[in-house]
Amino acid sequence: MAASVDLSRVTFIVLREMRKPILAIIIVYSLSIAGMIIMPGPVVNGEIQYLSIFHAFYFMTYTATTTGFGEIPFPFSNAQRSWAIICLYISVITWFYAIGSIIRLIQNPYLSKALAAHEFSNKVERISGDFIIICGFGDTGSVLARGLSDARLTAVVIDSNEERIKALKLRDYKVLMPGLFADASVPKHLIEAGIRRTDCKAIVSVTSNEETNLKISALARILNPNIDVITKSKVEIWEETLATIGGKVHIIDPFKTYAQLLAFSIVQRYFYSFNNWLVGDKSTELEQPLSPPNQGLWIICGFGRMGQEIKRALNKQGLRTSIIDPQPISPDEENVEKFILGLTTVRTLKLAGIEQAVGIVTGTDDDGQNVSILLNARSINPNVFTVVRQNSHENFAAFQAARADMVMQPSLVAARRIMLLLKAPLLKPFFKYFLVHQDRDHEMNDVISWVKTCVGDGNKVPLLTSFDITDKNAKVLMRVLENDSVQLGDLLKDPRDRTKPLDLVVLVVQSDEGKVIILPGSDYWVKAGDQLLLCGTDLGYRLFLATVNNEYKLYHVRTGLRQPRSFFMQWYVRKMGREGL
Amino acid sequence: MNLEKVIFGFFIVLAMTLNFGFFLGEISNPAHHNVNELFAVVVVNFIATGLKLGDRSQVGAVLLSTSLVADLQLIVAVFYWTSAVHINMAGLTPDVMTSIVALSGGALLANVVSVVILVVDTLMSRL
């Protein structure tokens, strides 16, 4: 419906703008042609030759467009020539006027906007299968779009900045990613983006404006009650409002998320690298443990949102914290070893106790300051553990050269968190399982080496995906499950050679009733409606999909026998009293 | 090794090779095209079609359709031969022979497609 409205608007604008030039051309042409017919021509064989209407029109066509093929069918008389001079000037001017109007029309911002909207809704209509709406194509939005494209998930992007939408159109995504330059907090644009469609699974609002994000989230809930709403928020009062709009709402706070990552890393030394590896960070070594010190004093430079969240997380782990900040903090703040008022310098660092400190967090919103604090702190205490905040993506090289132990980039943290929510929601219970008990260190280690043997070399990006056993995804498997049972181990055998396992690991199974099993064994009996969290290679996943959708392959991996395909072979097998070949 | 694949592949390839043997030679010359060979081509093609019946996979369906095309062409060729020699007694004139061999050429093409699909499918599942 939205598309036809746009199209009628486009037609209307074109008709209105072109009305006058078309009228002018018609009048000028008809007058010129009429004149050419009336003008007496040359005398041939004693008769005056008049131009026919056809010849007059032919003459005008090439004269008005300044082509000039000459005088036909006979050389003109002077009367005709004098009229032709008048025609030429007037018609050429009229043509210029018409062409000018067309150019003006093309440059008309309303028309180009209407055309873009029309093209956009056409593209959205062509999307088949599930898709996601992303509002805001900034740092977070673009990282997210890249990740979704790698996972072959389609997204529709809306941004209020025209330059960013132009940039989007230049990217080489593996799937269709239509982009619209519009204000996403206007309901009309959300509807154009397909929010009311049942295959629109989630809306991610990551614009730079908190208020807009809130508005988009609320609108999305009203327009489609079943949709997942994911939004980035750094302000706590709005989080309350968001949490009460109903349905599935996920609020991503990059600082809270990162503070949690830090806390988990203190508990589990393999967590950080494993998590980074799973989200596709190529620079991570999978088996490299990272253990932030779990005893002693941490210094927090800059007590903004990041500083506060990290302090809370560190205190929870029983660590002592000192703070350096130019703004005075609330006197009610607990667990503050020392508070130093002022900018972070060598002097204030020493006052805060950098010599004895085990860790330092530089969390100001100025990248230059963060790097210089890092260098200062290290020059006084070379063994200190460093956590540094990188605000702008452009400063990547500087932070890499500074070799901090942990680099926190808010937009990247948010994008990765959203990616995992969309692609692998079961990763949360998976990690929770390992983080509840510290003694699950060995188990975690086993999982990591297992996953590593599956995926191969460390610098390959693993495939991490959810798989629902439904009619849509696994038709054949569902049919078999109706009156038979299938073991998970069989599904993970290579259909080409069932003695070998696929390069695929099932990390978590969640049954239809919500029961979660971490690292299910190969003797797990698969049920209809199970949701699997798979990790492995692209090829492994493709072969797995082939198995669950092809009855011959499924039969082969389960029994080791070949199911006879043709009627003749089926008869032969029955006659021999065998199950398969 | 899969017994069904062996039997299956044997008949499909044999159908193609026999068909090629019949097709080979000067197109209008009856001396170059043996009636017994045509008989063998038809029989082997029918067996190949029979073996393809019952496969519920996507590739199985395409294989069956190529076989049906070959059968159709060969049946027409045989009917033409029979009518020329036994019904209207026109004999194997060059233009009759040309039509018969051309029809078997079409069947050959269908058989080639069948073999190509078989090979590709086998390679794909080996990957």
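Residues numbered from 1 in each chain as written. Chains lettered and ligands numbered in written order. Predicted model: local features only at pLDDT ≥ 70, side-chain atom pairs only at ≥ 80, totals over all residues.

> Would you mind going over the overall build of chain B with me for this structure?
Helices and strands together make up the secondary structure of chain B, namely four helices and zero strands. Helices (α) and strands (β) of chain B occur, in sequence order from the N terminus, as α-α-α-α. Taken over the C-alpha atoms alone, chain B extends approximately 50 × 25 × 20 Å along its principal axes. In chain B, buried positions account for 30% of the 127 residues. Long-range pairs, those at least 24 residues apart, make up 69% of the contacts in chain B with a sequence separation of at least 6. (Helix = DSSP H or I, 4+ residues; strand = E, 2+ residues; numbered from the N terminus. Buried ≥ 20, exposed ≤ 12 C-beta atoms within 10 Å, placed from the backbone. Contact = placed C-beta atoms within 7 Å.)

> How should the interface of chain B and chain A be read in this particular structure?
Many authors give the size of an interface as the accessible area that is lost as the parts come together. Counting residues at the interface gives 15 residues for chain B and 13 residues for chain A. When its residues are assigned to classes, the side of chain B that touches chain A shows four nonpolar, six polar and five charged. (Nonpolar A, V, L, I, M, F, W, Y, C, P; charged D, E, K, R; others polar.)

> Sorry if this is basic, but what is going on with helix H10 (residues 254-267) of chain A here?
An α-helical segment advances 3.6 residues per turn. Residues three or four places apart therefore align on the same side. All names here are of chain A. Between its first and last C-alpha atoms H10 spans 20 Å; for 14 residues at 1.5 Å apiece the expected length is 20 Å, and the two agree. Here H10 lies mainly inside the structure; ten of its 14 residues are buried. Along H10, the positions that sit buried rather than exposed are Pro254, Phe255, Lys256, Tyr258, Ala259, Leu261, Leu262, Ala263, Ser265 and Ile266. Buried-residue contacts for H10 involve strand S8 (249-252), helix H11 (271-278), helix H12 (305-316), strand S13 (385-389), strand S14 (406-408) and helix H16 (410-423). (Expected span 1.5 Å × (residues − 1).)

> Explain the domain arrangement of chain A here, please?
The domain architecture assigned to chain A consists of domain 1 (2-109), domain 2 (128-252), domain 3 (255-423) and domain 4 (443-575). Each of domain 1 of chain A and domain 4 of chain A has a C-alpha centre, and these two points are 73 Å apart. (Domains from an automatic or database assignment.)

> Explain the sheet that holds strand S15 (residues 463-468) of chain A to me, please; I cannot follow it from the model alone.
Paired through their backbone hydrogen bonds, the strands of a sheet run either parallel or antiparallel. Residue and element names in this part refer to chain A. Here we have four strands laid out as an open sheet, ordered S15-S22-S19-S20, and antiparallel in their pairing. The sheet is open, and its two edges are formed by S15 and strand S20 (516-518), each paired on a single side. Pairwise comparison of adjacent strand axes, ignoring direction, gives a mean angle of 25° for this sheet. As defined by bridge partners, S15 adjoins strand S22 (residues 531-536) across six bridges and the pair is classed as antiparallel. Residue pairing for S22: serine 466 is matched across the bridge by leucine 533. (Pairing = 2+ DSSP bridges. Axes fitted to C-alpha atoms, helices over the stretch in contact; angles between N-to-C directions.)

> For this particular structure, what's the right way to read the nonpolar core?
Proteins that are soluble and globular tend to have nonpolar side chains buried together. Grouped together as the largest cluster of nonpolar side chains are 122 residues, with contacts concentrated most on Ile132, Ile133, Ile134, Ala155, Val204 and Ile299 of chain A. With sequence-adjacent residues up to four places away left out, isoleucine 299 of chain A is seen in contact with Ser322, Ile324, Ala352, Ile354, Ala357 and Ile360 of chain A. Phe11, Leu38, Ile100 and Leu108 of chain B belong to the second-largest nonpolar core, a separate cluster that totals 25 residues. (Core = buried A, V, L, I, M, F, W, Y, C linked by C-beta atoms within 7 Å.)

> Is there a simple way to explain the packing of helix H5 (residues 139-150) of chain A against H16 of chain A in this structure?
Packed helices, taken two at a time, are described by the angle between their axes plus the distance between the axes. Residues and elements named next belong to chain A. At their nearest, the axes of H5 and H16 sit 8 Å apart, and the two run at 40° to each other. Comparing the axis directions of H5 and H16 gives the class oblique. Where H5 crosses over H16, the handedness of that crossing is right-handed. Contacts from Asp139, Thr140, Val143, Leu144 and Gly147 in H5 reach Ser411, Leu412, Ala414, Ala415, Ile418 and Met419 in H16. In terms of residue class, the contact of H5 with H16 is built from seven nonpolar, three polar and one charged. (Parallel < 35°, antiparallel > 145°, perpendicular 65-115°, else oblique. Left-handed = near helix turned anticlockwise from the far one by under 90°.)

> How do you make sense of the sheet that holds strand S9 (residues 297-301) of chain A when you look at a structure like this?
All names here are of chain A. Pairing is parallel in the open sheet, where six strands are placed in the order S11-S10-S9-S12-S13-S14. Two strands close off the open sheet at either side, each with one partner strand: strand S11 (336-341) and S14. Between one strand and the next, the sheet's axes are offset by a mean angle of 15°, whatever the strand orientation. Across four bridges, strand S12 (residues 359-362) lies against S13 in parallel orientation. The partner of threonine 362 across the bridge, within S13, is valine 388.

> Can you walk me through unusual backbone geometry in this structure?
Excluding glycine, residues mostly carry a negative phi; peptide bonds, for their part, are mostly trans. Residues and elements named next belong to chain A. The residue after isoleucine 72, namely proline 73, is reached through a cis peptide bond having omega -10°. With phi around 60°, threonine 66 is a residue other than glycine that occupies positive phi space. By the element assignment, threonine 66 lies in the loop between helix H2 (53-64) and helix H3 (78-107). The exposed category is assigned to threonine 66, around which 11 C-beta atoms lie within 10 Å. Of note, leucine 519 is a non-glycine position whose phi angle comes to about 45°, a positive value. Relative to the helices and strands, leucine 519 is located in the loop between S20 and strand S21 (525-526). Residue leucine 519 is classed as partly exposed on the basis of its C-beta count, with 16 C-beta atoms lying within 10 Å.

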